[in-house]
Every structure is written in C-alpha cells, then in structure tokens.
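# Summary of the model geometry
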Amino acid sequence: MKFYFPLLPICILSFALVYSCSKENDEVVETQFICTVDYVEFISDVNANVKFDVIVDGISDSFTAKHSYATQNINYFIGDNIVNIYNFIQNENEASFDFEYGLNLGAFCAELFPDIPSHEHIPFTAEAIKVLNGKNIGKWKIKKKTTLKSIDKQ
C-alpha cells in the first residue's frame with residue numbers, strides 16, 4: 001500500500017493538467033469589440049476631438065482622438081484620414097452629417113489595443129445636438145445614428 005500511495009497524487013495531477021490543456025486547445029474564444037462615436041468637438045479653427053466609446057469583452061472605456069482638421073465646403077477631415085464628416089448641415093443648435101471612419105482609424109485602434117480583433121467601421125448619418133458650454137467652437141453630441149451603405153461625398 002505504501003508503494004501505490006505516492007502514485008495517487010501524481011495521477012490526479014496528471015489528469016488535471018491533461019484535461020485543462022485539452023480544454024484550452026478545444027475552445028476558441030472570440031473577443032467582443034464594439035466601438036461607437038459619442039461626440040465630435042471642434043476646439044478651434046484647426047483642432048478637433050472625437051470621443052469613441054469602446055466595449056472590449058464587456059469592459060467599457062472611452063478614448064478621445066485629438067487631431068487637427070481641414071475643411072472643404074461642408075466637409076471636415078479630421079486627422080490623417082482618421083475621421084471624415086460629409087455634408088455637415090447646422091440648423092441653430094442641431095446638426096446632421098454623414099460620419100465615415102477613415103482608413104487610418106485602424107492604426108489608431110491598434111495603438112490602443114495591441115490584440116484588437118477584426119471588426120468593421122460602418123459609416124452612418126448622424127443627428128447631433130450642440131452642447132452649449134461656451135468652451136469651444138462646437139461640441140456635437142450624437143443623438144441618433146442611421147447606418148449608411150455609402151456616403152455621398154459632395
């Protein structure tokens with residue numbers, strides 16, 4: 001009996017290791033990643049902030065992209081192809097515009113999340129309300145989004 005007693009803990013430990021290793025290899029867990037836009041803020045004639053709300057595996061966080069911007073008629077191009085806003089129409093304290101995630105936004109996301117899962121950035125039409133706090137040229141809180149298939153770049 002003394003000879004077999006040390007083998008029992010070794011067998012239990014071996015079984016536990018084999019079971020846990022095989023379970024890890026069998027399960028592929030896909031990371032949940034959701035990214036939405038909360039607001040666009042024009043700080044000055046050349047600088048803007050875009051606040052992104054992100055959920056990664058159920059954990060929420062917010063990130064603000066701070067970049068310079070250029071305008072062309074009623075279109076705004078924020079950062080080096082980070083965010084593009086087309087057809088910005090303001091009516092007093094309300095605005096509507098087409099929001100497009102720029103091609104270089106993926107690089108911005110990758111800086112925040114080294115193991116970022118693949119995901120899509122889908123353009124949308126926004127209805128926004130101006131936040132009246134007097135500290136900026138215009139902070140536009142997005143209240144409603146409608147998915148776009150493509151953007152009319154006037």
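Structure shown above.
## Thoughts on the overall build of the protein chain
- Counting secondary structure elements, the protein chain contains two helices and eight strands.
- Going residue by residue from the N terminus, the α and β elements of the protein chain occur as α-β-β-β-β-β-β-α-β-β.
- On the protein chain, roughly 10500 Å² of surface is accessible, and the fraction owed to carbon and sulfur atoms is 55%.

## Details of the environment of Ala48
- Mapped onto the elements, Ala48 comes out in strand β2 (residues 47-56).
- A sequence separation of 21 residues divides Ala48 from Tyr69, and the C-alpha atoms of the two residues are 6.5 Å apart.
- Not counting chain neighbours up to four residues away, the residues in contact with Ala48 comprise Glu41, Phe42, Ile43, Ala65, Lys66, His67, Tyr69 and Ile78.

## With respect to the nonpolar core
- Membership of the largest hydrophobic core comes to 31 residues, with the highest contact counts inside it found for Phe42, Phe52, Ile78, Ile85 and Phe99.
- For this core, the element with the most residues is strand β1 (residues 33-42), which contributes five residues.

## Examining the pattern of salt bridges
- Under the definition given, this model contains three salt bridges.
- Asp38 is the salt-bridge partner of Lys51, the closest N and O atoms lying 3.2 Å from each other. Residue Lys51 is located in strand β2, and its partner Asp38 is located in strand β1; the two are separated by 13 residues in the primary sequence.
- Note on Asp38: relative accessible area 12%, which makes it buried.
- Owing to a relative accessible area of 19%, Lys51 belongs among the buried residues under this scheme.
- Within this structure, Asp38, Lys51, Asp53 and Lys141 form a network of salt bridges that share partners.

Basis of the calculations
- Residues numbered from 1 in each chain as written.
- Predicted model: local features only at pLDDT ≥ 70, side-chain atom pairs only at ≥ 80, totals over all residues.
- Heavy atoms only, no water.
- Helix = DSSP H or I, 4+ residues; strand = E, 2+ residues; numbered from the N terminus.
- Areas by Shrake-Rupley, 256 points an atom, 1.4 Å probe, with all protein chains shown as cover.
- Contact = heavy atoms within 4.5 Å.
- Core = buried A, V, L, I, M, F, W, Y, C linked by side-chain atoms within 4.5 Å.
- Buried < 20%, exposed > 50% of the residue type's maximum accessible area, 1.4 Å probe, protein only.
- Salt bridge = Lys/Arg side-chain N within 4 Å of Asp/Glu carboxyl O.

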